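Residue-level structure breakdown
The chain contents come next:
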Amino acid sequence: MTTRSPRSAARVPGLVAALARAVLGAAAGAGRPPTPVQRFAARRPVLLAVYAGTPIGLVLVLAAWPRVRTPADIAFILANCVLVYCVFALVAYGERARQRLLDRKCRPPNGTDGPTRH
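Residues numbered from 1 in each chain as written. Predicted model: local features only at pLDDT ≥ 70, side-chain atom pairs only at ≥ 80, totals over all residues. Heavy atoms only, no water.

**Some details on the packing of aromatic side chains**
- Under the definition given, this model contains one aromatic pair.
- When the centroid spacing of 6.4 Å and the interplanar angle of 5° are considered together, the rings of Phe40 and Tyr51 count as stacked. Of the two residues, Phe40 sits in helix H2 (residues 36-43) while Tyr51 sits in helix H3 (residues 45-64), which places them 11 residues apart along the sequence. (Phe/Tyr/Trp six-rings, centres within 6.5 Å; stacked < 30°, edge-to-face > 60°. Helix = DSSP H or I, 4+ residues; strand = E, 2+ residues; numbered from the N terminus.)

As structure tokens, then:
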């Protein structure tokens, strides 16, 4: 009978999380400085959600307008619009977290002024 040590079993979620961070970070451009649009998104996530979600919400409303018969239909359309806004806001908050992580990695340690030249 073989038994696994509790340490190796506890390491698996940590390794999976580290791998996911590395893969998703590389896909999101974790090493690159943010573009002006990414900086805008990180500074104003709600405004980004309104700017990007409103045209999509209007398309949803116009596409569903002929089929609207009851107040439940209107509530369904509004719920879809709110969902679109929430998705854009969550993406912007994720961008804010990415930039915060990037800033933390690029900042020199406390007590130093950065790289020195001799």
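Picking up where we left off.
**Quick look at the packing of H2 against H3**
- Taken N-terminus to C-terminus, the directions of H2 and H3 make an angle of 110°; their axes are 5 Å apart at the nearest point. By the angle between their axes, H2 is roughly perpendicular relative to H3. Contact residues: Phe40, Ala41, Ala42 and Arg43 in H2; Pro45, Leu47, Leu48 and Tyr51 in H3. (Axes fitted to C-alpha atoms, helices over the stretch in contact; angles between N-to-C directions. Parallel < 35°, antiparallel > 145°, perpendicular 65-115°, else oblique. Contact = heavy atoms within 4.5 Å.)

**As for a nonpolar patch on the surface**
- On the surface, Val46, Leu47, Val50, Tyr51 and Tyr93 cluster together into a nonpolar patch covering about 470 Å² of accessible area.
- Per-element accounting of the nonpolar patch gives the leading share, four residues, to H3. (Patch = residues over 30% accessible without salt bridge, like charges linked within 9 Å, V, L, I, M, F, W, Y side chains within 5 Å. Areas by Shrake-Rupley, 256 points an atom, 1.4 Å probe, with all protein chains shown as cover. Salt bridge = Lys/Arg side-chain N within 4 Å of Asp/Glu carboxyl O.)

**Let's talk about the packing of H3 against helix H4 (residues 71-106)**
- Running from N to C, H3 and H4 point in directions that differ by 150°, and their axes come no closer than 8 Å. Relative to H4, H3 is oriented roughly antiparallel. When the axes of H3 and H4 are compared, the crossing they make is right-handed.
- When the residues that make up the contact of H3 with H4 are grouped by side-chain class, the tally is 18 nonpolar, four polar and one charged. (Left-handed = near helix turned anticlockwise from the far one by under 90°. Nonpolar A, V, L, I, M, F, W, Y, C, P; charged D, E, K, R; others polar.)

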